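# A structural walkthrough
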Amino acid sequence: LGKKQYKEALENFRKLEAEADKAGLPEKAKAAVAFRQATCLYLMAGQSKKKEDWATVEETLKAFLAKYPRGTEDLLDPSNNMRGVVRLSLIDVYANLSKWDAALVDLEALRRPSPEIRMEDRVLAFVLTAKVLEEKAKGGSEDELQQALRQAMDLLKQVPSAGIGTTERREAANKLDEVYP
């Protein structure tokens, strides 16, 4: 979709949000509308690459996490309340804003085993941590970059030993091959 289509969709979701209370929508439906708004903003920021757009997305994603502790529940996907998606998207926003430490703190929380975090999201947290470590080190010396790459490699090696047996595990293995062919 193009930026114009995301903008139109965003406007429609904002109108729906404004009518949600009057229409008596359940909380999970309101969360789904907020999630779709955040998705539109995220995709538009990805196209524009402007810091102020990423800052708006950051605020929107944080607001979703604060306002909807149960996420979209089972409305959009019976096995995914979208909170993990929002948390990973927020981490990507931090990376786009060069907020490396905030990204790494959130990623550490997502990597820990928890019944609230889907396995797919945990695997993506491992992969994204490796990416953030690499990106953070790019502005430094060659030694810092090599150290970050070693950290990333060690982290990606943990995925199989962490008992994560999802298909997303292949993505971690591919990233490991990419970092150290």
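Residues numbered from 1 in each chain as written. Predicted model: local features only at pLDDT ≥ 70, side-chain atom pairs only at ≥ 80, totals over all residues. Heavy atoms only, no water.

### Details of the overall build of the protein
Secondary structure summary: the protein contains eight helices and zero strands in total. Written out in order from the N terminus, the α and β elements of the protein read α-α-α-α-α-α-α-α. Among the 181 residues that make up the protein, the fraction classed as buried is 40%. Sequence-distant contacts in the protein: of pairs separated by 6 or more residues, those separated by 24 or more amount to 60%. (Helix = DSSP H or I, 4+ residues; strand = E, 2+ residues; numbered from the N terminus. Buried < 20%, exposed > 50% of the residue type's maximum accessible area, 1.4 Å probe, protein only. Contact = heavy atoms within 4.5 Å.)

### Looking at the packing of aromatic side chains
Using the criterion set out here, one finds three aromatic pairs in the structure. With a centroid separation of 6.3 Å and an interplanar angle of 55 degrees, the aromatic rings of Phe35 and Phe64 are classed as tilted. One end of the pair, Phe35, is in helix 2 (residues 27-48); the other, Phe64, is in helix 3 (residues 51-67), with 29 residues separating them in the sequence. A single burial state applies to Phe35 and to Phe64, both of which are buried. Relative to Tyr68, the ring of Phe64 lies with its centre 5.5 Å away and its plane at 45 degrees, an arrangement referred to as tilted. A relative accessible area of 2% means that Phe64 is categorised as buried. Grouping aromatic residues by their ring pairs yields a cluster made of Phe35, Phe64 and Tyr68. (Phe/Tyr/Trp six-rings, centres within 6.5 Å; stacked < 30°, edge-to-face > 60°.)

### What to know about the side chain of Asn80
Inspection of the secondary structure puts Asn80 in the loop between helix 3 and helix 4 (83-96). One polar contact links the side chain of Asn80 to the main-chain amide nitrogen of Met82, over a distance of 2.8 Å. Apart from the residues within four sequence positions on either side, Asn80 is in contact with Thr72, Glu73, Val85 and Arg118. (Polar contact = N/O pair within 3.5 Å; in protein donor to acceptor, adjacent residues only side chain to side chain.)

### A closer look at the nonpolar core
The biggest cluster of nonpolar side chains holds 35 residues, and the ones touching the most others in it are Leu61, Phe64 and Val132. Only helix 1 (3-23), helix 2, helix 3, helix 4, helix 5 (100-111) and helix 6 (119-137) provide two or more residues apiece to this core. In terms of residue count, helix 2 provides more of this core than any other element does, eight residues in total. Look past the residues within four positions of Val132 in its chain and what remains in contact with it is Ala95, Trp100, Ala103, Leu104 and Leu107. (Core = buried A, V, L, I, M, F, W, Y, C linked by side-chain atoms within 4.5 Å.)

### A few points about the environment of Val105
Of note, Val105 is situated in helix 5. Owing to a relative accessible area of 55%, Val105 belongs among the exposed residues under this scheme.

### Structural notes on the confidence of the model for the protein
The pLDDT averaged across the protein works out to 87; a share of 87% of its residues lies at or above 70. No element of the protein has a lower mean pLDDT than helix 8 (residues 169-179), at 60, and none a higher one than helix 3, at 97. (pLDDT = per-residue confidence, 0-100.)

### Let's talk about helix 1
Between its first and last C-alpha atoms helix 1 spans 29 Å; for 21 residues at 1.5 Å apiece the expected length is 30 Å, and the two agree. Of all the bends in helix 1, the greatest, near 25 degrees, is centred on Glu17. Of the positions making up helix 1, those classed as buried are Tyr6, Leu10 and Ala20. Where the residues of helix 1 are buried, they touch helix 2. (Expected span 1.5 Å × (residues − 1). Bend = angle between axes of the 7 residues up to and from the residue.)

### Remarks on the packing of helix 2 against helix 3
The contact between helix 2 and helix 3 brings their axes to 9 Å, and the two run at 160 degrees. With respect to helix 3, the axis of helix 2 lies roughly antiparallel. Considering only the axes of helix 2 and helix 3, their crossing is left-handed. Residues Glu27, Ala31, Ala34, Phe35, Ala38, Leu41, Tyr42, Ala45, Gly46 and Ser48 of helix 2 pack against Asp53, Trp54, Thr56, Val57, Thr60, Leu61, Phe64 and Lys67 of helix 3. (Axes fitted to C-alpha atoms, helices over the stretch in contact; angles between N-to-C directions. Parallel < 35°, antiparallel > 145°, perpendicular 65-115°, else oblique. Left-handed = near helix turned anticlockwise from the far one by under 90°.)

### Considering the environment of Tyr6
Inspection of the secondary structure puts Tyr6 in helix 1. On a C-alpha basis, the gap between Tyr6 and Gln37 in space is 9.3 Å, while along the polypeptide they are 31 residues apart.

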